[in-house]
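# Residue-level structure breakdown
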Amino acid sequence: MFQKVLISDDFGSINQGVVKVLEQAGVASIKQVQYCDDAYLQIKSALKNQEPYDLFITDLNFKKDHRDQKYASGEAVIKQLKLEYPELMIITYSVEDRLQKVRYLINDLKVNAVACKGRNGLVDLSKAIDAVYRKQLYVSTQVEQALYPRNDMEIDDYDIELLKQLALGKSKESISEQFKKDAISPCSLSSIEKKQRNLFIKFRATNAAHLIGIVKDLGLI
C-alpha cells in the first residue's frame, strides 16, 4: 500500500474521513492541508528532501477567504503538479459529477482516479485508492459514462463556452466579440447563431432562457 499520502480539502471534517480510509488501508504517513498552495509546496518540498509523496488526494473546489492563493482550485494545482511531476498519483475526491469535467480530468489533466463525494463517497474513495495502487484507472459508478463515447445529449467544449456566455445574459454580438478576443473559433456572428439554433433543436428548447435551464438541470454547465 502507499506509504506517504497528502490530502487537500478545505473542510477538516472531510479530511478526517479520508484519513480514516487511508489508515484502514495501512498507509503509514498521512499529511493534511486546507489550501492548494500548501499542497503544492508540500509536494515540492518532499521531493526536494527525497521523501516524495506516493499519492495526492484533493478536492476540486475551495472557498475563497482572506488568504491570496496562486492555485485557487484543485484543478489548478493538479495541472501544475502533473506538468512538473507527471508520475505523481492523483485522486480527485469532490462533488463534481459532470461528465464533461470528469472527461477533462482524466484525458487532459491525467488524474488517476475520480471519486465522487456523497452517501457512499468514502467507500468509493477506498476503491479508488486500491485501484490506483494497482496502477488502474478508477471512476465512480455515477460518472463512469465519461469513459465511454459521448451520447446524444452531450456537448463539446465550444458549446459549453457558448452556453456559459448565454447564461451570463450576453447577446450573440457580444459573444462573437468575446470569442474573437479569446481566439475561440468559430467566432463569427453567423456561426454562433447556427450553433445556438442547433442547441435549441438538440435540447428541444424554445428560447435561450429555456435552453440554459435545461443544460443546468443536466449538469452540463
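One can find the structure itself at the top, above this paragraph.
Source: prediction; values computed, not measured.

### Side note on the overall build of the chain
Counting its regular elements, the chain contains 9 helices and 6 strands. Once the C-alpha set of the chain is aligned to its principal axes, its extents read approximately 60 × 35 × 30 Å. In the chain, which comprises 221 residues, the proportion classed as buried is 44%. The contacts of the chain with a sequence gap of at least 6 include a subset with a gap of at least 24, amounting to 63%. Roughly 12300 Å² of accessible area belongs to the chain as shown, and the carbon and sulfur atoms make up 49% of that amount. Across the chain, the 32 positively charged side chains and the 30 negatively charged ones have centroids separated by 2 Å.

### A short note on the side chain of S140
Among the secondary structure elements, S140 is positioned in the loop between β6 (138-139) and α6 (157-167). When neighbours within four sequence positions are excluded, S140 is seen to be in contact with V114, A115, C116 and D124.

### Description of the sheet that holds strand β1 (residues 4-8)
Spatially, β2-β1-β3-β4-β5-β6 is the arrangement adopted by the 6 strands of the open sheet, whose pairing is parallel. The open sheet has two edge strands with one neighbour each: β2 (29-33) and β6. The pairing of strand β3 (residues 55-58) with strand β4 (residues 89-94) spans 4 bridges and is parallel. In the sheet register, T58 faces β4, and the bridge partner there is T92. Most of the contacts of helix α2 (residues 36-48) go to β1, to which it runs at about 165°, and overall it touches β1, β2 and β3. Packing of helix α5 (residues 121-133) onto the sheet brings it into contact with β3, β4, β5 (113-116) and β6, and relative to β4 it is tilted by some 170°.

### A short note on the state of the cysteines
One pass over the full model with this rule turns up 0 disulfides. Here C36 is not disulfide-linked; the sulfur of C116 is the nearest cysteine sulfur, at 18 Å.

### A few points about the pattern of salt bridges
Evaluation of the coordinates by the stated rule reveals 9 salt bridges. Residue D38 is joined to R67 by a salt bridge in which the shortest nitrogen-to-oxygen separation is 2.5 Å. Separated by 29 residues along the polypeptide, D38 in helix α2 and R67 in the loop between β3 and α3 (74-84) bring together distant segments of the chain. Each member of the salt-bridge network shares a partner with another, and the members are D9, D59 and K117.

About the cut-offs
Residues numbered from 1 in each chain as written. Predicted model: local features only at pLDDT ≥ 70, side-chain atom pairs only at ≥ 80, totals over all residues. Heavy atoms only, no water. Helix = DSSP H or I, 4+ residues; strand = E, 2+ residues; numbered from the N terminus. Buried < 20%, exposed > 50% of the residue type's maximum accessible area, 1.4 Å probe, protein only. Contact = heavy atoms within 4.5 Å. Areas by Shrake-Rupley, 256 points an atom, 1.4 Å probe, with all protein chains shown as cover. Lys, Arg positive; Asp, Glu negative; His and termini not counted. Charge placed at Lys NZ, Arg CZ, Asp CG, Glu CD. Pairing = 2+ DSSP bridges. Axes fitted to C-alpha atoms, helices over the stretch in contact; angles between N-to-C directions. Disulfide = S-S within 2.5 Å. Salt bridge = Lys/Arg side-chain N within 4 Å of Asp/Glu carboxyl O.

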